[in-house]
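Here is how the chains run, residue by residue.
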Amino acid sequence: MADREDNVTVPEFSSLLQMDPYLKTYEKDFKRRYDLLQKRLFELEEAEGGFDQFTRSYKTFGVQRQPDNSLFFKEWAPAAEALFLTGDFNGWDKFSHPYTKKDFGKWELILPPKHDKSPAVDHHTKLKVVVHTKEGERLYRISPWAKYVNREEKSVIYDWVHWDPPQPYNVIHPRPAKPTSLRIYEAHVGIASPEGKIASYTNFTNNVLPRIKDLGYNCIQLMAVMEHAYYASFGYQITSFFAASSRYGTPDELKELIDVAHSMGIVVLLDVVHSHASKNTEDGLNHFDGSNSCYFHSPPRGEHKLWDSRLFNYSSWEVLRFLLSNLRWWMEEYRFDGFRFDGVTSMLYHHHGIGSGFSGDYSEYFGLQVDEDSLVYLMLANHILHTLYPDCITVAEDVSGMPALCRPVEEGGLGFDYRLAMAIPDKWIQILKELKDEDWNIGNITHTLTNRRYGEKCIAYAESHDQALVGDKTLAFWLMDKEMYTNMSSLIPMNPIINRGIQLHKMIRLITHGLGGEGYLNFIGNEFGHPEWLDFPREGNNQSYHYARRQFNLVDMDHLRYCQLYAFDRDMNRTEDKYGWLAAPPAYVSAKHEEDKVIVFDRANVVFIFNFHPNKSFQGYRVGVEVPGKYKIKLDSDMVQYGGHGRLDHGTEFFTEAQPFNGRRLLLNVIEP
C-alpha cells in the first residue's frame, strides 16, 4: 500500500501546505484519503456509468410508476429469504405478490395497471414489504426509499403511504444566487408558532418566511424535516430518509415553502442526518432484511452507545447508493440549496468523539482513530454535490477541529464550504454562568471569536438550538431569567437586570456577527430574546407543548421590549448586507483592553467598538483605523428604538488623524458615553 500512496498525487496539495505547512507531516494520510476517493469514483464509473446515474437511484428503487401506469418495485435486502408486497391494493394478502430475487441481494416486482389503465396502487393508500428471513420469521417493513409515511392518531408505528398525487406541485421560482455573506436562520417547522401544537409547513410559509425576510436573513436551515417517528428526538433519530415529515403537512406543502423562500431571495439548507439512524425496526431501517447489518455495521461497530442508534457501513456499495441518492433527492425533488451535515465528529472517528477532549494536537486528526470509510464518504458527497450543483452550500457540524475539513477535495480536504464555530456559544454560556461582569476576560473572548483555521470558513453563532434545549436556556433567559415574566414592558423604566440583559443580548450578537466567522447563524425566536428553553412533548412533561413553540406574539406587542431586540437584529443583518463584513477577510483587532473592558476591531471598512464595562463610560476614546477620512455612526446598540438610552449624537462626524495607533496607520478620536 505504501508504494501505491507514493505514486498518488493530490492535485492542489501545495495550496493546502501554503496555508498550513505543519500538515506536510501527514502527507501520506492526505494521499491515502484522496486515493480512496479516486478509487471510489473509478468504481462508480465502471459499475454504474458514473456518479450522476448512481445518485439518481431514487428513480429505480422503492416504487416507480412507468409510462404505461404499471408499478415497478425494487429493494435491496441481501439477508432475506423472500419478499412480498402487501397493502390496501390487495386486501393485505401476505403472499399474492412476491418479489423476484435478482443478483447482489436485489428484489423486483412489477404490478400491471388495473383494467381502466390506472395504477394498481392508488395515491394515498398503504403498503408494506413482507420480509421472510432465513430463520423463518415474517417481518413487516417500510421501504427504505418510501417518499411519504404517516401515522394514524392512535397508532405508534408509521405506515408507508403511496404518494403519487394527480396534480403534483409545480415550481414557479428559480433558485436564488448563492449569497456571498451567509446569514442563517435556523428553524424548526413544528415549533414555529405560538400555539401549543405542531405547526405546519403552510404556517411557516405564510407567517414565518415574511419575518425571516424582514430580519435580513438570506438562508434558512430547516431542522427535523427528514421523517422521525419520535418528535422529541428534535429530528435527529431518522426513520424514513426520503420522506419529508408528514406531521407538518404534505410533500407539496414543503415544496411550496421552499419555492416561496426562493421567491424572497432566500436559500434553504436541509439539516441532513447521515451520521446515524433510528433503532426502530417496524418503521425504520434497522433489521430491514432481518439481519443485524444490511445498511449498518454489525454490532458493536454499528451501534452508537450514547445516541442509542445505528451506524451506517459507509464502505458498502448499496449504503453509498442510498445515502448519496438521498442527498440528490432533496436537491432535485424539493430543491433545497445545500445541507448542514449533522454529527460529523461522530462520523470522522471510531471513538465518535466520546471522551475525547481534542486538544488541537494534529496527531488526533490522523491515524487509526480516524474512520476513513466515513471520511471518504463525506469527501465523495461534497465532490458530487459541488460538481452537479456549483452553488450548493455544505456546512459541517464538527467539534474536533479536523484540519482541511473546509478545503476543496482537490487539496486533500473534505470539501465542506463552512464549519460551525461551536466553541463560541459554549464560551458565552460559560461567561454568563460563571463570571461577574467585572471579571470578563476580554482577551479570552477575543481569542475565542478569532481562533479559527485560516482559509476555512466558519459560521459564528451566539446560540443555536443546542443551547436552548431543556437543561439549558436561551441567552436572554440566562441574562434576565424570571424578570422577563414581569418587567419586559417598555411602559415602565428598566430595572438593572433587564437593562443589563437587553444591552448584552445585542452586544453579544453583534460582536459574534462581526468578529466570529464568515457566516452567522441565529436560532428561531432567539433574535428577539425568546424566554425560557425548548422541551418537546414527552412522558416526562405530560406530553406538553408549552415549551415546544415560539412566541412570535411577544414581538407583535409594541409595549414589550422584545420588538426592540428584534429591531436591532434586523438592522444588524441589514448593515452587514450593506458592508459585507462576513465576506471580507478576518477582522484586525486593534484593542482588547482588560481594564476598560473595550474591544475595537475593523473589518470591511467598518470599525466596531464595544464597551463591556459594567459601569464605566468613556469620553473621547482613541482607536486605531487603517482607512483615512470621515467616519459616521452606522449602528448603535444604545439607540432608544433598540432598548438603549440614546446617548450618542448620530450627526457627529469623526475625522482620522495621521498618527499611528494600536498597530493601525491612523488615529480616530471617538466621543463615546
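From a predicted model like this one, the values you see are computed outputs, not experimental measurements. (Residues numbered from 1 in each chain as written. Predicted model: local features only at pLDDT ≥ 70, side-chain atom pairs only at ≥ 80, totals over all residues. Heavy atoms only, no water.)

Trainee: Mind showing me how you'd approach the sheet that holds strand E4 (residues 100-101) here?
Mentor: Two orientations exist for strands paired in a sheet by backbone hydrogen bonds: parallel and antiparallel. On the basis of which strands lie adjacent, the open sheet formed by four strands has the order E1-E2-E5-E4 and antiparallel pairing. Edge positions in the sheet fall to strand E1 (62-65) and E4, since each of these pairs with one other strand and no more. Examined bridge by bridge, strand E2 (residues 71-76) and strand E5 (residues 106-111) share six bridges and lie antiparallel to one another. Across the sheet, Phe72 pairs through a bridge with Ile110, a residue of E5. (Pairing = 2+ DSSP bridges. Helix = DSSP H or I, 4+ residues; strand = E, 2+ residues; numbered from the N terminus.)

Trainee: What am I meant to see in the UniProt feature "active site" (unreviewed entry) in the protein chain here?
Mentor: What UniProt calls "active site" (unreviewed entry) maps, in this numbering, to Asp342 and Glu397. Spanning 56 residues, the named residues nonetheless gather at one spot, since no C-alpha pair among them exceeds 5.5 Å. Among the structural elements, Asp342 can be located in the loop between strand E17 (338-341) and helix H8 (344-348). In this structure, Asp342 is in contact with Tyr236, Asp271, Val272, Val273, Ser275, His276, Met347 and Glu397, ignoring residues within four places of it in sequence. Its location among the elements puts Glu397 in the loop between strand E18 (393-396) and strand E19 (418-420). Excluding residues within four positions of it along the chain, Glu397 makes contact with Arg340, Phe341, Asp342, Gly343, Val344, Thr345, Leu420, Met422 and Asp466. (UniProt positions renumbered as here; feature names shortened; annotations may be inferred. Contact = heavy atoms within 4.5 Å.)

Trainee: Teacher, can you tell me more about unusual backbone geometry here?
Mentor: Glycine aside, a negative phi is what most residues show, and trans is what most peptide bonds show. With an omega dihedral of 5°, the bond running from Pro299 to Pro300 counts as a cis peptide bond. Looking at where Pro300 falls in the secondary structure, it is placed in the loop between strand E14 (267-272) and strand E15 (303-304). Unlike most non-glycine residues, Lys117 shows phi in positive territory, near 70°. Mapped onto the elements, Lys117 comes out in the loop between E5 and strand E6 (126-133).

Trainee: Quick question: what am I supposed to make of helix H7 (residues 317-332) here?
Mentor: Because an α-helix packs 3.6 residues into every turn, residues spaced three or four apart end up facing the same way. The end-to-end C-alpha distance of H7 is 22 Å, a good match for the 22 Å that 16 residues give at a rise of 1.5 Å each. Counting buried positions along H7 yields 14 of 16 residues, so the element is predominantly enclosed. (Expected span 1.5 Å × (residues − 1). Buried < 20%, exposed > 50% of the residue type's maximum accessible area, 1.4 Å probe, protein only.)

Trainee: Help me understand the sheet that holds strand E21 (residues 519-523) in this model?
Mentor: Taken in spatial order, the eight strands close into a barrel running E10-E11-E14-E17-E18-E19-E20-E21, and their pairing is parallel. Across the sheet, the mean angle from the axis of one strand to that of its neighbour is 30°, orientation sign disregarded. The pairing of strand E20 (residues 458-460) with E21 spans two bridges and is classified as parallel. Within the sheet, the bridge partner assigned to Ile459 lies in E21 and is Gly519. (Axes fitted to C-alpha atoms, helices over the stretch in contact; angles between N-to-C directions.)

Trainee: Would you explain the nonpolar core in this entry?
Mentor: As a rule of thumb, nonpolar side chains are buried together in soluble globular proteins. One finds Phe73, Phe204, Leu222, Leu254, Tyr295, Trp330 and Trp428 to be the most contacted residues of the largest nonpolar core, which totals 183 residues. In this structure, Leu254 is in contact with Tyr201, Leu222, Val225, Ala244, Trp330, Tyr334 and Phe336, ignoring residues within four places of it in sequence. (Core = buried A, V, L, I, M, F, W, Y, C linked by side-chain atoms within 4.5 Å.)

Trainee: Is there a simple way to think about the environment of Val370 in this case?
Mentor: As for its placement among the helices and strands, Val370 is situated in the loop between H8 and helix H9 (372-388). For the pair Val370 and His350, spaced 20 residues apart in sequence, the C-alpha to C-alpha distance is 6.0 Å. Not counting residues within four places of it along the chain, the set of residues in contact with Val370 comprises Arg33, Leu348, Tyr349, His350, Tyr365 and Leu375.

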